[in-house]
Every structure is written in structure tokens, then in C-alpha cells.
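Summary of structural features
Here is how the chains run, residue by residue.
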Amino acid sequence: MRTNLLRTAAAATLVFLLTGCAAGARSAVRHEPPSGGARSGPASSVGSKIASVKGSRITVYRNREGVAQRTITSPNDYGATRVFLVDRDEGEWLQVLLPVRPNGSKGWIKATDVTLAETSYRVEIDRGAFRFTVYDGDRAVRTGKVATGEAGTPTPPGRYFFTELVKPVDDGGAYGAYAFGLSGFSPVLKSFAGGPGQLAVHGTNKPSAIGTRASHGCVRVGDDDIRWMAKNLATGTPVVIKG
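Computed from a prediction, not measured in an experiment: that's the story for all the values here. (Residues numbered from 1 in each chain as written. Predicted model: local features only at pLDDT ≥ 70, side-chain atom pairs only at ≥ 80, totals over all residues. Heavy atoms only, no water.)

This part takes up the overall build of the protein. Counting secondary structure elements, the protein contains two helices and 18 strands. Taking all 243 residues of the protein together, the buried fraction comes to 53%. Intrachain contacts of the protein at a sequence separation of at least 6 include 63% that bridge at least 24 residues. (Helix = DSSP H or I, 4+ residues; strand = E, 2+ residues; numbered from the N terminus. Buried < 20%, exposed > 50% of the residue type's maximum accessible area, 1.4 Å probe, protein only. Contact = heavy atoms within 4.5 Å.)

And the structure:
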């Protein structure tokens, strides 16, 4: 889970930032720049659109009539440029998924306040099968096993997106080689270690737990898989959790 008290990744410890998939682990992290898998310019109907905030803050509106809902700052607490997954493109207005509670929240932003890019990638996570699949369009390009939340702290189904990529200084720690923050939050833990209960997809130093319910809500994958994701998937990439 992450905490709103953090202002830079350099000052962060991962235990305060991500859901406690391994409570007590303390690993300094650094923000990683956006990965591959996204390209600037007009998006086709095949991929998903990612909106990156241009300035230091953006106004999110309740509707296209300009009723302000909230203001969100950029960069985020990790020092990463704020991104949103675009749900609807109405030209001057974009409806986007928001990284706030409740999960699945949406709002409208002005197209002039962001830069649009496109990705053809998406990640699907099947909780029942303990498996993830990465698709490039309609083609599966990588699949593997995952660990999900325990019965009392489940991984919630829904449609999310990657909000930031962080790298633990010690990639032999509990969070593995990399961690992608998700736009969703634990339905049970309203706070954890000082943070708001943000979910994540990350590596692990306990591969034996892959294929089981082992976390406080995060999705764990093998380190080879998270390294591949870090190399190929951009922040803003859609993630669907089902099952």
C-alpha cells in the first residue's frame, strides 16, 4: 500500500507503499520511468488509450458540463507522471478510470490537459485459476501463475490500470524485482502501514507461494514474469482481475 505522506520514491519504503503482501519487509524503492508498450499519437480502435497529465495538477469533472469533482496532482507520490486509462473519448472530453476509492470510479477530464498514447497490451488475472495472461491485441504473449489475497483480505475483481512502476533496491526482497502499483484498493483494509490500501502486482522472494492465496490483496508473480512486464508494459496498461 502507499501512503499520501510520501512525496518522493527516494524517501519511500515499500512496506508503506504497497499492500502488505509480506508484512514487515522494508526495501527502499526508486521510481522507474514508463516502460515500453505505449506509443504517442492518435489511438486506433484496437488498443487502449492512456492519458498522461501535462501539468502539476489536473481537474477531474463530474460531467462534461464542467462540474468539478476533484483535483489530482502530478507527479504522484512515487514521482511518476500521473496517468489515467481512458474509458471514453468524446473529443474535447475524456472519461477516465480514477485511482481512487471506490474501485471503478470514473471522471471526466479535458483532452487539452493530457497527452494521449496507445497500448495494445492488457493484463488479465484469473483469481480462480491463479493465472495471469498478457495479451497484445487478441494474441496471448505471456502467461504464468500468480498468488492472490488470502480469504480475509481478498484480491478484488475489477478493471484497473498500472499507476506507477517502482524497483526495490534489493530485488531479493519480499517484493521481488519490480512492483507495479494498481489503480484499485483493498475492499477490506482501508489503511495499512500508514497508507490507503493500494493494490499492486509485484515479484516475490517466495516462489513457493505462487499458485496460492498468500497476500493481503496484492497479486504476486514470479520474478522472471515481473521483469518481462517491467520491460514491455507501460504505466496505464489495463489490468482486468476476474474469477
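Right, let's get into the packing of aromatic side chains. Given two aromatic rings, their pairing is described by the distance between the two centres and the angle made by the two planes. Counted by the stated rule, this structure contains three aromatic pairs. Their ring planes at 90 degrees and their centres at 5.2 Å tell us that Tyr-61 and Trp-93 sit as a pair that is edge-to-face. Linking Tyr-61 in strand β4 (residues 57-61) with Trp-93 in strand β7 (residues 93-97), this pair joins segments that are 32 residues apart in sequence. By relative accessible area, which is 13% here, Trp-93 ends up buried. When the ring centre of Tyr-135 is taken as origin, the NZ or CZ atom of Arg-122, which lies over that ring, is 4.3 Å away. When the ring centre of Tyr-178 is taken as origin, the NZ or CZ atom of Lys-167, which lies over that ring, is 4.5 Å away. (Phe/Tyr/Trp six-rings, centres within 6.5 Å; stacked < 30°, edge-to-face > 60°. Lys NZ or Arg CZ within 6 Å of the ring centre and 35° of its normal.)

Here we come to empty space enclosed by the protein. According to the stated counting rule, one finds two cavities of 30 Å³ or more in the structure shown. In this structure, the largest cavity encloses a volume near 70 Å³. Looking at the largest cavity, it is lined by 12 residues, and the ones nearest its centre are Asn-76, Arg-82, Pro-99, Thr-163 and Glu-164. When residues of the lining of the largest cavity are traced back to their parent elements, those giving at least two are β13 (158-168) and β14 (179-185). In terms of residue count, the dominant contributor to the lining of the largest cavity is β14 (three residues). By residue class, the composition of the lining of the largest cavity is four nonpolar, five polar and three charged. The computed volume of the second largest cavity comes to approximately 40 Å³. (1 Å grid on protein atoms, 1.4 Å probe; cavity = no way out; pocket = protein on both sides within 12 Å on 5 of 7 lines; lining within 4 Å. Points joined across faces, edges and corners; volume = space filled by probe spheres on them. Nonpolar A, V, L, I, M, F, W, Y, C, P; charged D, E, K, R; others polar.)

Here we come to the side chain of Ser-186. Residue placement: Ser-186 occurs in the loop between β14 and β15 (198-202). Here Ser-186 falls in the buried class, since its relative accessible area comes to 0%. A polar side-chain atom of Ser-186 sits 3.1 Å from the main-chain amide nitrogen of Val-188. (Polar contact = N/O pair within 3.5 Å; in protein donor to acceptor, adjacent residues only side chain to side chain.)

Tracing the backbone through its elements, the reader meets Pro-102 in the loop between β7 and β8 (106-110). Assessed through its relative accessible area of 58%, Pro-102 is described here as exposed. It is 7.8 Å that separates the C-alpha atoms of Pro-102 and Phe-185, two residues lying 83 residues apart in sequence.

This part is about helix α2 (residues 223-232). Most of α2 sits inside the fold, with seven of its 10 residues counted as buried. For α2, the complete set of buried residues consists of Asp-223, Asp-225, Ile-226, Trp-228, Met-229, Ala-230 and Asn-232.

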